[in-house]
Amino acid sequence: MPETAGPDLDDCPLPEVLALIGGKWSAQVLVALGKGPRRFTQLERAIIGISRRMLTVSLRDLERNGLVTRTVYPDSPPRVEYATTPLIEDIRVPLEALTAWARLAAPAITAARRAYDGSADSHP
């Protein structure tokens, strides 16, 4: 019996996409931008623990991959805003749900890690 044609997993872009949006800061940047366009300092304040350098790196990577736009307004001094592109719309709701789950699950995950690490002597 011939195999049915299915997606070729070797050509699947999922690992690359998960690396992009699943990075430590990328998902948080996208969630923060889900509330509308933001300036750099607004993002910096909204994302606790992110350094200026990591925010810059994350924004550039997201912009390079078509998920974020950077708009420079010719004000004095120039004003720059970042916003998500329509490409992110299909994943916005699941990304926000995953973020909410992460916040709720964090205490249980921490407790599980402590329990596992505390019993590390019994692991092969």
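Figured I'd write up the structure that's included with this text. (Residues numbered from 1 in each chain as written. Predicted model: local features only at pLDDT ≥ 70, side-chain atom pairs only at ≥ 80, totals over all residues. Heavy atoms only, no water.)

Notes on the pairing of strand β3 (residues 79-84)
Of all 6 residues in β3, 5 are buried, a share of seventy percent or more. Bridge analysis of strand β1 (residues 38-39) against β3 gives 2 bridges, and the strand direction is antiparallel. Bridging from a neighbouring strand, Arg39 pairs with Glu81 of β3. Across 6 bridges, the pairing between strand β2 (residues 68-73) and β3 is antiparallel. Looking at β3, one finds that Val68 is bridged to Thr84. Turn length for the β2-β3 hairpin, with the two strands adjacent in sequence and antiparallel, is 5 residues. (Buried < 20%, exposed > 50% of the residue type's maximum accessible area, 1.4 Å probe, protein only. Helix = DSSP H or I, 4+ residues; strand = E, 2+ residues; numbered from the N terminus. Pairing = 2+ DSSP bridges.)

The quantities given are spatial measurements derived from coordinates; they are silent on function.
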